[in-house]
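This is what each chain is made of:
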Amino acid sequence: MRLPLLLLFIGWLGSRPAHAQQLTLTHANVVDVQTGKIQADQTVVIAGSRIVRVGPSARPTPPGAGQVVDAHGQYLIPGLWDMHTHVYFDGTASAGTDLILPLLVANGVTGIRDMGSELDSILRARQAVATHKILGPRMLVSGPMLDGGKSPYQAAIAIATPEEGRRAVDMLKARGVDFIKVQSLVPRAAYFAIMAEAKKVGLPVDGHVPDGVRAAEAVAAGQRTFEHLIGIFEASSPDEDKYVAGGPKSPGRFLATYDPAREAAIIKLLAARQVWQCPTLFWERGQWLVDAIDWRQDSALAYAGHSWVETRWPRAQKSIAQNLDTEPLAVREKFVAHELDLVRRLHAAGVGFLAGTDMPAGVDLIPGVSLHLELQRFVAAGFTPLQALQTATLNPARFTHRLQDFGTVQAGRVADLVLLSANPLVDIANTRRIAAVVADGRYLSRPALDQLQARLKRVAAAK
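Draft legend 1. Expanded view of the overall build of the chain. On a plain count of helices and strands, the chain comes out with 17 helices and 17 strands. Since a compact globule built from 463 residues should have a radius of gyration of about 23 Å, the 22 Å found for the chain is in line with a globular shape. Its C-alpha atoms give the chain principal-axis dimensions of about 70 × 45 × 45 Å. Burial analysis of the chain (463 residues in total) assigns 58% to the buried set. Partitioning the contacts of the chain with sequence separation of at least 6, the portion at a separation of at least 24 is 73%. Working note: accessible area of the chain is about 17,900 Å², and carbon and sulfur atoms make up 53% of it. Charge separation in the chain, taken as the distance between the mean sites of 49 positive and 43 negative side-chain charges, equals 5 Å.

So this is what it looks like as structure tokens:
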């Protein structure tokens, strides 16, 4: 960790007393993300890392309130979750600790589900964040992804046989990961061995529907999530068997063979079996339209690593344009609109959604910032601002069966909170108007966040 950022973090922690420190937020508008109601003029009392009381603001503030923050005119929401990240991933791994993790918190992201990182690094970081040794969000981690024998990723374990799949699951279980992540190139037989072994040792499996597996088969095997909507487009086409057999697939082919009845069938199955979707809509748009987006005009570009901007992203942009985005732009634009329509239909059927970004693995995915843009894409897909906000607050708590700890601003919940200067239920873009962040009970004011972000710009410039 760079010295300036370390000093800032030490200053943020301050002198930690032996007893639980107390923080009181007064006169806040508390956003009930379950109902969409605003509870006006509330006092929220935090002791240590937990909320101990939420109720009407008293005048004057009672003695023993600890640090008191006047939140008059501000809106208090639960801390945000980015449910698809890669903190220690391949060429961006060196930025994980001193840029990516603190930048997430600076943008109100207090929890992440990491979908593929170098194992030792992510496990150390998870522990260091939990013990307040480094600044970052709390983490659910898979460690390295399980991919095929010719995986292009460093943060992956190459799996060619069922036995290799079982061994990888057992090793990751022993190391203490929270779940298994499967990638597209896992061979068919190995996939089913992975699923069986994960069930045996008690680990859920999230990820891509592998190329050699049908979506319905992944559902039957117990896969918990589909990422990027992979598998659904294939299942919505009469050519699904050809795709599973290794036939080429592309946005144009999906559109040309789209069968609404087949789509309706897979949607019904996903809803019935409660298979969660993490569609990474902001990146999906960026991927399929990579040649049409001027990411150098991004106002948050100063927070991206210098090498990302100058080398990694231009190289990725060129590679995607040559190898993936080979169909006419108009076709790909139509497919992006089709993705939003699919999300709308899935949501209407009761399928659960999680907000995730894939940061920083793609082009112009800036930690923390991209999550707010992801919420805007949900609104573009027809979600209300409340429903979009739920994908990053209430839904992650439901998904992890941790409603007693996360997802709402209530007594007994962990004190991961974000104060906003404007109402996110009026305009979801207001989630970017951050007045303060409370991370595991510790308060970062707007001036402290400004100082942190100024330092992170300098870290980014050196990466």
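Having seen the model, we can carry on.
Draft legend 2. Here's a closer look at the nonpolar core. Of all hydrophobic cores here, the largest spans 113 residues; its most connected members are Ile180, Phe226, Leu270, Trp313 and Leu346. Broken down by element, the residue count for this core peaks at seven residues, all from helix 2 (residues 96-106). Ignoring sequence-local partners within four residues, the contact set of Leu346 consists of Leu229, Ile232, Ile267, Leu270, Gln277, Val351 and Phe353. Ranked by size, the runner-up nonpolar core spans 18 residues in total, among them Val44, Leu76, Leu417 and Tyr443.

Draft legend 3. Region of interest: the packing of helix 10 (residues 260-272) against helix 13 (residues 329-348). Where helix 10 contacts helix 13, the axes come no closer than 10 Å and their chain directions differ by 45°. By the criterion of interaxial angle, the relationship of helix 10 to helix 13 is oblique. The handedness of the crossing between helix 10 and helix 13 comes out as right-handed. When helix 10 is examined against helix 13, the residues Glu263, Ile267 and Leu270 are found in contact with a partner set consisting of His338, Leu342, Arg345 and Leu346.

Draft legend 4. Spatial organisation of the pattern of salt bridges. Within the structure shown, the criterion is met by 25 salt bridges. Here Asp211 ties to Lys249 by a salt bridge, and the two come within 3.4 Å at their closest N and O atoms. With Asp211 in the loop between strand 12 (205-207) and helix 6 (215-221) and Lys249 in the loop between helix 8 (240-244) and helix 9 (251-256), the pair connects residues that are 38 residues apart, well separated along the chain. When its relative accessible area of 29% is taken as the criterion, Lys249 is described as partly exposed. Of the charged contacts in the structure, one is a salt bridge between Arg296 and Glu310, with a shortest N-O distance of 3.9 Å. Residue Arg296 is found in the loop between helix 11 (281-288) and helix 12 (306-323), and its partner Glu310 is found in helix 12; the two are separated by 14 residues along the sequence. Each of Arg113, Asp206, Arg224 and Glu227 takes part in one network of salt bridges that share partners.

Draft legend 5. Broad picture of the sheet that holds strand 8 (residues 138-141). A sheet is described by the order of its strands in space; here three strands give the open sequence 6-7-8, paired in parallel fashion. A strand with exactly one partner marks an edge of an open sheet, and here the two such strands are strand 6 (80-85) and strand 8. Each adjacent strand pair in this sheet contributes to an overall mean axis angle of 15°, direction not counted. Bridge count for strand 7 (residues 109-114) against strand 8 is four bridges, and the pairing is parallel. When the bridges of strand 8 are listed, Asp114 appears paired with Val141. Of the strands in this sheet, strand 7 and strand 8 touch helix 3 (residues 119-130), which is tilted by about 150° from strand 8.

Draft legend 6. Representation of the packing of helix 3 against helix 4 (residues 162-175) in the model. Close contact between helix 3 and helix 4 brings their axes to 12 Å; oriented N to C, the two are set at 25°. Relative to helix 4, the element helix 3 is oriented roughly parallel. Crossing handedness for the pair helix 3 and helix 4: right-handed. Taken together, the residues of helix 4 that come into contact with helix 3 (itself represented by Leu119, Asp120 and Leu123) are Met171, Leu172 and Arg175. Here the residues of the contact of helix 3 with helix 4 sort into four nonpolar, no polar and two charged.

Draft legend 7. Looking closely at helix 12. The terminal C-alpha atoms of helix 12, which comprises 18 residues, lie 25 Å apart, in line with the 26 Å expected from a rise of 1.5 Å per residue. Within helix 12, the axis deviates most sharply at Arg312, by approximately 35°, and proline Pro314 lies no more than four positions further along. Every buried residue belonging to helix 12 is among Trp308, Val309, Arg312, Trp313 and Ile320, and all of these are buried. Where the residues of helix 12 are buried, they touch helix 2 and helix 11.

Draft legend 8. Up close: the environment of Leu123. The residue Leu123 is located in helix 3 in this model. On the basis of relative accessible area, Leu123 is assigned to the buried category, the value being 12%. Remark: the alpha-carbon pair of Leu123 and Arg344, spanning 221 residues in sequence, is separated by 36 Å. Every residue in contact with Leu123, bar those within four places of it in the chain, is listed here: Val141 and Arg175.

Draft legend 9. Local environment of the confidence of the model for the chain. Confidence in the prediction for the chain averages 94 pLDDT; 95% of positions are at 70 or higher. Of the regions scoring below 50 in pLDDT, residues 1-8 engages in 15 contacts with residues more than four places distant in sequence or in other chains. Confidence over residues 10-19 falls short of pLDDT 50; this stretch has ten contacts with residues more than four positions distant or in other chains.

Draft legend 10. A look at unusual backbone geometry. Put simply, Met359 and Pro360 share a cis peptide bond, and its omega is -10°. Residue position: Pro360 is located in the loop between helix 13 and helix 14 (369-380). In this model, His228 sits at a positive phi of 65°, which is unusual for a non-glycine residue. With respect to the helices, strands and loops of the structure, His228 is situated in the loop between strand 13 (225-227) and helix 7 (232-235). Even without a glycine there, the phi angle at Leu229 is positive, about 65°.

Draft legend 11. Representation of the environment of Asp82 in the model. The topology assignment puts Asp82 in strand 6. Given a relative accessible area of 0%, Asp82 falls into the buried group. Sequence separation between Asp82 and Val129 is 47 residues; the distance between their C-alpha atoms is 16 Å. Residue contacts for Asp82: discarding those within four places in its chain leaves Val109, Gly111, Ile112, Arg113, Ala355, Gly356, Thr357, Met359 and Leu371.

Reading the values: the criteria
- Residues numbered from 1 in each chain as written.
- Predicted model: local features only at pLDDT ≥ 70, side-chain atom pairs only at ≥ 80, totals over all residues.
- Heavy atoms only, no water.
- Helix = DSSP H or I, 4+ residues; strand = E, 2+ residues; numbered from the N terminus.
- Rg over C-alpha atoms; globule rule 2.2 N^0.38 Å.
- Buried < 20%, exposed > 50% of the residue type's maximum accessible area, 1.4 Å probe, protein only.
- Contact = heavy atoms within 4.5 Å.
- Areas by Shrake-Rupley, 256 points an atom, 1.4 Å probe, with all protein chains shown as cover.
- Lys, Arg positive; Asp, Glu negative; His and termini not counted.
- Charge placed at Lys NZ, Arg CZ, Asp CG, Glu CD.
- Core = buried A, V, L, I, M, F, W, Y, C linked by side-chain atoms within 4.5 Å.
- Axes fitted to C-alpha atoms, helices over the stretch in contact; angles between N-to-C directions.
- Parallel < 35°, antiparallel > 145°, perpendicular 65-115°, else oblique.
- Left-handed = near helix turned anticlockwise from the far one by under 90°.
- Salt bridge = Lys/Arg side-chain N within 4 Å of Asp/Glu carboxyl O.
- Pairing = 2+ DSSP bridges.
- Nonpolar A, V, L, I, M, F, W, Y, C, P; charged D, E, K, R; others polar.
- Expected span 1.5 Å × (residues − 1).
- Bend = angle between axes of the 7 residues up to and from the residue.
- pLDDT = per-residue confidence, 0-100.

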